[in-house]
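Below are the chains, spelled out letter by letter.
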Amino acid sequence: MFYDYRLKFSKNGPIRFVGHLDVMRYMQKANRRAGLPMCYSEGFSPHQILSLALPLSVGATSDGEYLDMRLTKEVLPDEIVNRLNEVMHEGIRAEACILLPEHAPKAMTLIAAARYRLTLRDAAFSGNPDGRISHNTDKERSLAAEDLAARLHTFLSQDRIAAVKTTKKGEQTIDLKPLIHEWEVAEDGALTAILHAGSRDHVKPALLYETFFRSIDRAFSPASLAVHRIDLYEEVPGENGVFRPLIEM
Amino acid sequence: MFAADRLALSDELLLSVEKPERYIGGEVNSVIKDIKAVDVRFAFCFPDVYEIGMSHIGIQILYGLFNSYPDVWCERVYSPWHDLDGVLRKNRIPLFTLESQDPVRDFDFLGFTLQYEMCYTNVLQVLDLSGIPLLSEDRTDDDPIVIGGGPCTYNPEPIADFFDLFYIGEGETQYRRLFDLYKAHREKGFQRSAFLRECARIPGIYVPSLYETEYHEDGMLAAMKPRFPDVPAVVHREIVTDLSHAYYPESPLVPFIKVTQDRVALEVMRGCIRGCRFCQAGQLYKPLREKSLEACKESALAMLRSTGHEEISLSSLSSSDYSHLPELLDFLIETAGREHVNVSLPSLRIDAFSLDVMSKIQDVKKSSLTFAPEAGSQRLRDVINKGLTEEDILRGAHEAFLGGWHKVKLYFMLGLPTETEEDIAGIGDIANKIAVEYFDTVPKEERGGQSVEITASTSFFVPKPFTPFQWAAMHTQEDFLNRAKMTKQGIMAQLNQKRIRYNWHNADESVMEGVFARGDRRLSAVILDAYRDGCMFDAWGEQFHFDRWMAAFEKNGLDPAFYYLRERSDDELFPWDFIDIGVTKAFLLREWKEALAGRKSANCRERCLGCGAARFGVGVCVR
Ligand code: SF4
């Protein structure tokens, strides 16, 4: 007998530099420290049965990460959250947990979209994409930010946003517009958007910004984009284009 | 918003280097303290890349011990890899510790654990990036006290100029006293020279600047003397007398990234009863002291719980010699079965008992058996006092093949004292005999499409201080490579050569290791020049620039041959003779003579050889 759970967790602070494979290793050890009755695979080097919904790039923070995990006993979801938070370290926190019905599909197969908050770091304003800190004065910077907001707005308002996506098969031009489900640009240039996600037509925030930068004729360095993932969504069954978080809080 | 957390580097810089996780700290069980509440800040450095440094159990022990003192905060720092090294230099960012991310140069102490000679240029890199003067004599009252510990400090002379202090022996015993002395000096107005002078009176502490050396015309050491009457002429090694009750961390650090030893390391004993004559660790940690079974069990459970690690490994020089091994393994295997923990068992002698245990915890088909005969013939194994016979190996292999294993790893050294062509030929011979044993033991129908796979590896013998071979000569690179070639030919000539793979080690690095292992103070200048010429990460094969090292020797008018090619006379004064490890020079010399006569010696449990370590009054000496 086993029980499948979906855990929502956040990843903030310095731990944003820990890659997703290492986050998996971290979660396995945390589960053990928490003494959760984890279900293990067979064989000489058994491992926990876990799957992460969607990898997050190194350097990105998130309030909406999801992990499916299998336990051998039933534990109250709140207890899982509490027990994990007792042994968690800086930056990673269990936020919510649900017991999944039998044969529920994995989070990674459900994902349809992701909400992000995207901002540009200083280097992008100063035109120093190699990462050197800008020496612009505050005034110049705020001007640049306003400018950025306006340009982003224009960019996203187009009917068609042609982007060049590099895949295993080579370069491919796609239209990003239908894959941007919702967006809002704040005065300071921060973009909040729901982007299509999952195995098909996945839109990486960096692709969006690379395309934007090309449209304003500037070079883009992925390190200058600060990515914060707010949540991951599935499509509400039968309702095309209506999304809900993988765990409704 | 994005650089506002505690990190020393901006996101852009961190994202520009490989594995930024190496530099962010914040690992599970890392310790954060309030700097206002501590008196002593200690930066502990393993001068190599993070993944290697984090795997070292000595740091884990002292990190936990120091942080158990309320007035001390111990943090860690490792060698920044080349990419970050460049970033720090270019942006003039001082090297920082992982926990607080504060500059190392603001600390009270910077401690290095010196595990191998090839890390010396990395010590200079860390000092340099920290903005601490490389030479002890150039440091001011505001610079951290630079202290070294670990196996290389048993001949600290080649790096004497870079260190203010060395700690000779096991770190658990005297650091508290050192910190108290430091605090007392801070209170009364700190003066570096006065503090260092008083440190010399703490047992186990060696203050290199308080000694002077004289050399004979032929370059040999004539004398090494304290410069002041209150400075001891001999520094005695510190040891832990009761391992069962000594501090051992319950909550070791758990790195985010996969490191070399990604598991709980359970120390079951220190020291070794077997006096292999090439082995430095065997002499340095005498006498053998065991940790009680109870202490081992408790420690294992506590560490598994606090880390969440999925693997535990025994740590000792020769685990098979641990008296309670069967009980401990039963316990671990039972825990393993219940809690899904892997048990890994390095340094076990291959016999019926260990094979039985291993078959319970390993995938027999995938794992390999390891034998370390070290030398190809019985004659030479007697010279080095390695008590492993060909019969032992073949019997072990036979039983292992019956048990389903088919992979065997063999380790040898080339260039051991008295080695002849026949000894070298013996390497191919024994590898072939193992293959024959396989074919005789496992009938064709039972091989399941597999065959025996034998890997023979050779390293070049490097004589180390405080071993019976400290008098021995090393060989030139050409000679070494010739020996490797002969080994290869010997293997190729075997009937089953297709089943045997052969690897050998780089000879240039071995030579350099040999020079530093038995070097003297004059080498500090060479190391400094080599570092200034770009040498760093010398232990990393591809980073090793032999030509730059040779240029540094030349510039300083020193000949490497003097240090490694020469057989020492019985009465030569060695640069490390001022250290008393417990084992006497007279005993080592006797063993050297026995080696040359081809005679084996007993191990400590068979018969006490009177090595001198009995003066500690503990462990195997006082059964
Ligand atoms: S004094 Fe004897 S028993 Fe003790 S370590 Fe030396 S040889 Fe072994």
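Participant: What exactly am I supposed to notice about the overall build of chain B here?
Facilitator: Per the secondary structure count, chain B includes 20 helices and 19 strands. Burial status across chain B gives 61% buried among its 623 residues. The long-range fraction of contacts in chain B, counting pairs at least 24 apart against all pairs at least 6 apart in sequence, stands at 77%. Accessible surface, chain B as shown: approximately 23,700 Å² in total, 51% of it carbon and sulfur. Across chain B, 71 positive and 94 negative side-chain charges occur, with their mean positions spaced 2 Å apart.

Participant: It is not clear to me how the pairing of strand E7 (residues 170–175) of chain A should be interpreted in this structure. Could you clarify?
Facilitator: Note on strand geometry: in a regular strand, side chains alternate between the two faces of the sheet. Residue and element names in this part refer to chain A. As paired strands, strand E6 (residues 162–167) and E7 are joined by six bridges and run antiparallel to one another. When the sheet's bridge partners are listed, Ala 163 is paired in E7 with Ile 174. Between the antiparallel neighbours E6 and E7 lie two residues.

Participant: Even after reading the chapter, I still don't get unusual backbone geometry, so can you show me in this structure?
Facilitator: Peptide bonds are, in most cases, trans, and in most cases residues other than glycine have a negative phi. Of the consecutive residues Lys 286 of chain B and Pro 287 of chain B, the connecting peptide bond is found in the cis state with omega at -5°. Following the sequence through the fold, Pro 287 of chain B ends up in the loop between helix H8 (280–284) and strand E12 (289–290). For Asp 217 of chain A, which is not glycine, the phi torsion reads 65° and is therefore positive. Looking at the element boundaries, Asp 217 of chain A is found in the loop between helix H6 (205–215) and strand E10 (225–235). The backbone of Phe 466 of chain B sits at a positive phi, close to 60°, despite the residue not being glycine. Looking at the element boundaries, Phe 466 of chain B is found in the loop between strand E17 (453–460) and helix H15 (477–492). The class for Phe 466 of chain B is buried, based on a relative accessible area of 5%.

Participant: Explanation requested: the interface of chain A and chain B in the structure shown.
Facilitator: When the parts of a complex come together, some accessible area is lost, and that lost area is often taken as the interface size. Counting residues at the interface gives 34 residues for chain A, matched by 42 residues for chain B. Carbon and sulfur atoms make up 56% of the area that chain A and chain B hide from each other, which totals about 3,100 Å². Remark: the boundary between chain A and chain B carries four salt bridges. Note that Arg 16 of chain A and Asp 11 of chain B form a salt bridge whose closest N and O atoms lie 2.7 Å from each other. At the junction of chain A and chain B, the tally comes to twelve residue pairs in polar contact (both at pLDDT 80 or more). Along the lines of polarity and charge, the residues of the side of chain A that touches chain B split into 13 nonpolar, nine polar and twelve charged.

Participant: Help me out: how do you make sense of the domain arrangement of chain B in this one?
Facilitator: Residues and elements named next belong to chain B. As far as domains go, chain B holds domain 1 (11–236) and domain 2 (258–365 + 581–623). Summarising the inter-unit geometry, the C-alpha centres of domain 1 and domain 2 are found 29 Å apart. In this complex, domain 1 contributes 14 residues to the contact, which on the side of domain 2 involves 16 residues. Summing both partners gives a buried area of about 1,100 Å² for domain 1 against domain 2, and 51% of it is carried by carbon and sulfur. In this structure, the connection of domain 1 to domain 2 is made through three salt bridges. Between Arg 270 and Glu 172 there is a salt bridge, with the nearest N and O atoms lying 2.6 Å from each other. Put simply, domain 1 and domain 2 have seven residue pairs in polar contact (both at pLDDT 80 or more) between them. Listing elements by their share of the side of domain 1 that touches domain 2, those giving two or more residues are helix H2 (50–53) and helix H3 (57–67). When residues of the side of domain 1 that touches domain 2 are assigned to their parent elements, the largest contribution, three residues, is made by H2. Its residues assigned to classes, the side of domain 1 that touches domain 2 comprises eight nonpolar, three polar and three charged.

Participant: Help me out: how do you make sense of the pattern of salt bridges in this one?
Facilitator: Oppositely charged side chains can form a pair if their charged atoms are brought close together. Across all of its chains, the model carries 63 salt bridges over all chains by this definition. A salt bridge links Lys 593 of chain B to Asp 570 of chain B; its shortest N-O distance comes to 2.9 Å. Remark: Asp 570 of chain B occurs in the loop between helix H19 (560–564) and strand E19 (579–580) and Lys 593 of chain B occurs in helix H20 (residues 585–596); sequence separation between them is 23 residues. Classification of Lys 593 of chain B as partly exposed rests on a relative accessible area of 37%. Beyond isolated ion pairs, a larger network of salt bridges with shared partners links Asp 22, Arg 25 and Lys 29 of chain A together with Lys 258 and Asp 262 of chain B.

Participant: In this structure, what is going on with the environment of Phe 195 of chain B? I would like to understand it.
Facilitator: Residue and element names in this part refer to chain B. Its place among the elements puts Phe 195 in helix H7 (residues 192–199). Residue classification places Phe 195 among the buried positions, given a relative accessible area of 0%. In sequence terms Phe 195 and Tyr 182 are 13 residues apart; their C-alpha atoms lie 7.1 Å from each other.

Participant: Teacher, can you tell me more about the sheet that holds strand E10 (residues 264–267) of chain B here?
Facilitator: Residue and element names in this part refer to chain B. Taken in spatial order, the three strands make up an open sheet running E10-E13-E14, and their pairing is parallel. Looking at strand neighbours, the two that pair on one side only are E10 and strand E14 (342–344), the edges of this open sheet. Averaged over all pairs of adjacent strands, the angle between strand axes in this sheet comes to 25°, irrespective of strand direction. Note that strand E13 (residues 311–315) and E14 share three bridges and pair parallel. Bridging across to E14, Glu 311 finds its partner in Asn 342.

Participant: Just checking my understanding: could you explain the side chain of Lys 165 of chain A for this structure?
Facilitator: All names here are of chain A. In this structure, Lys 165 sits in strand E6. At 5.3 Å, Asp 201 is the nearest oppositely charged side chain to Lys 165, a buried residue that forms no salt bridge. One polar contact links the side chain of Lys 165 to the main-chain carbonyl oxygen of His 202, over a distance of 3.0 Å. The contact partners of Lys 165, leaving out residues within four places of it in the chain, are Gly 170, Glu 171, Gln 172, Ile 174, Asp 201, His 202 and Leu 207.

Participant: Any chance you could explain the side chain of Lys 291 of chain B here in plain terms?
Facilitator: Residue and element names in this part refer to chain B. Along the chain, Lys 291 falls in the loop between E12 and helix H9 (293–307). Buried charge Lys 291 goes without a salt bridge, the closest partner of opposite sign being Glu 267 at 4.7 Å. A distance of 3.2 Å separates a polar atom in the side chain of Lys 291 from the backbone oxygen of Glu 267. Among all residues touching Lys 291, those that are not within four sequence positions of it are Leu 243, Ser 244, Tyr 248, Glu 267, Val 268, Met 269, Cys 296, Ser 299 and Tyr 322.

Participant: Looking at this model, I keep getting lost on the sheet that holds E17 of chain B. Mind explaining?
Facilitator: All names here are of chain B. One open sheet holds the four strands; their spatial order is E15-E16-E17-E18, and the pairing between them is parallel. Each edge of the sheet is formed by a strand with only one pairing partner; in this case those strands are strand E15 (368–374) and strand E18 (500–504). The sheet shows a mean angle of 20° between the axes of neighbouring strands, taken without regard to direction. Strand direction decides the pairing type here: strand E16 (residues 407–414) and E17, joined by eight bridges, are parallel. The partner of Val 408 across the bridge, within E17, is Ile 454. Set on the sheet, H15 makes contact with E16, E17 and E18; between it and E18 the angle comes to about 180°.

Quick notes on the rules
Residues numbered from 1 in each chain as written. Chains lettered and ligands numbered in written order. Predicted model: local features only at pLDDT ≥ 70, side-chain atom pairs only at ≥ 80, totals over all residues. Heavy atoms only, no water. Helix = DSSP H or I, 4+ residues; strand = E, 2+ residues; numbered from the N terminus. Buried < 20%, exposed > 50% of the residue type's maximum accessible area, 1.4 Å probe, protein only. Contact = heavy atoms within 4.5 Å. Areas by Shrake-Rupley, 256 points an atom, 1.4 Å probe, with all protein chains shown as cover. Lys, Arg positive; Asp, Glu negative; His and termini not counted. Charge placed at Lys NZ, Arg CZ, Asp CG, Glu CD. Pairing = 2+ DSSP bridges. Buried area = accessible area lost by both parts, 1.4 Å probe. Salt bridge = Lys/Arg side-chain N within 4 Å of Asp/Glu carboxyl O. Polar contact = N/O pair within 3.5 Å; in protein donor to acceptor, adjacent residues only side chain to side chain. Nonpolar A, V, L, I, M, F, W, Y, C, P; charged D, E, K, R; others polar. Domains from an automatic or database assignment. Axes fitted to C-alpha atoms, helices over the stretch in contact; angles between N-to-C directions.

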